[in-house]
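Below, each chain spelled out in residue letters.
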Amino acid sequence: MTLQQLHYAITISETGSLNKAAELLYIAQPSLTNALKELEKELGIVIFHRSGRGVSLTNDGVEFLLYARQVYNQYENLLEKYGKTGNLKKKFGISTQHYSFVVQAFIEMVKCFNTAEYEFAIRETRTMEVIEDVDTLKSEIGILYLCDFNRKIMLKLLKSHNLEFHKLIECSAYVYLWRGHPLANSKSIQLSQLENYPCLSFEQGDNSSFFFAEELLSTNEYARTIKANDRATMLNLMIGLNGYTLCSGIISDELNGTDFVAVPFEADHDNPNSVMEIGYIVKKNMLLSEMGKLYLQIIQNELKQYEVKK
């Protein structure tokens, strides 16, 4: 079965006549008839009823044409995009846990290209979806973090998907809350001081795991917890409910605004601090695109500036 045979069958069904189809296809009618017979023989079905008044689809033919049109339409889409006169745009995508500095670096990278010639995508999503997106090449780069608690499991998972982790920065835990919070002016905050406020975390789905949590110290017992799906909702909950989350402390004021602060988390005997190692994942042995190289250069420069400030 060939694409040409599919095209012949589709044209015959649309014209209802072998003669008319042959004219449209610029092919001799006997050659078209032979091509149709070969296709029916290969498939083991009769596609058309022939009569003096023309042709009509059989029941098998109706079902076959349904699939034939789908296949041929996809072929035409490929030609439109990748053919000599196609309009192919270069694509670049990033999948990430919810970090504002990742988005800010993405913005700076996109500014360096003509968006009429490129198709960009950034996906703030769940941890497992970050891994799956990079594994299937839906995204070229993924951003997530490792810590002592999740490192062994995460590295094993990345290896099974043929992915590599590259460190960008290490940082300790910070308590992230809005400036109107009663604890916002503290020099540091212990977990016991947060008991009366809801701990906010990003939902990881039905198959969620402690190992997929985006927040440090996810194994601790919190008296009050609220799940959210996106950064905007998280920020609203901080203001409306005096909620907080535990994060890296690397915040983009340009995106999140100046109404929020990151206060150092103060460890105690029952709640030790933990080092957060944020990095990027890519397919093993994969060559980065022009956009990918520039993006990593921008984000590395931004994080270096942050380290100097700290």
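Criteria and cut-off values
- Residues numbered from 1 in each chain as written.
- Predicted model: local features only at pLDDT ≥ 70, side-chain atom pairs only at ≥ 80, totals over all residues.
- Heavy atoms only, no water.
- Pairing = 2+ DSSP bridges.
- Helix = DSSP H or I, 4+ residues; strand = E, 2+ residues; numbered from the N terminus.
- Axes fitted to C-alpha atoms, helices over the stretch in contact; angles between N-to-C directions.
- Salt bridge = Lys/Arg side-chain N within 4 Å of Asp/Glu carboxyl O.
- Buried < 20%, exposed > 50% of the residue type's maximum accessible area, 1.4 Å probe, protein only.
- Phe/Tyr/Trp six-rings, centres within 6.5 Å; stacked < 30°, edge-to-face > 60°.

Under an unreviewed UniProt entry, the chain has the name DNA-binding transcriptional regulator, LysR family and belongs to Anaerotignum propionicum DSM 1682.

### Some details on the sheet that holds strand E12 (residues 276-283)
With mixed pairing, the five strands of this open sheet are ordered in space as E4-E3-E5-E12-E6. The open sheet is flanked by strand E4 (118-124) and strand E6 (163-171), the only strands paired with a single partner. With strand direction ignored, the average angle separating the axes of adjacent strands in the sheet is 20 degrees.

### Quick word on the pattern of salt bridges
For the structure shown, the criterion picks out seven salt bridges. Between Glu 108 and Lys 111 there is a salt bridge; the shortest N-O distance is 3.4 Å. By relative accessible area, which is 27% here, Glu 108 ends up partly exposed. With a shortest N-O distance of 3.6 Å, Glu 170 and Lys 167 are connected by a salt bridge. Take Glu 170: its relative accessible area is 45%, and that puts it in the partly exposed class.

### Thoughts on the packing of aromatic side chains
Taken as a whole and assessed by the stated rule, the structure comprises eight aromatic pairs. Ring centres of Phe 113 and Phe 120 lie 6.0 Å apart, and the angle between their planes is 55 degrees; this geometry places the pair in the tilted category. For Phe 113, a relative accessible area of 14% corresponds to the buried category. Ring-pair connections join several aromatic residues into one group, and the members of that group are Phe 106, Phe 113, Tyr 118 and Phe 120.

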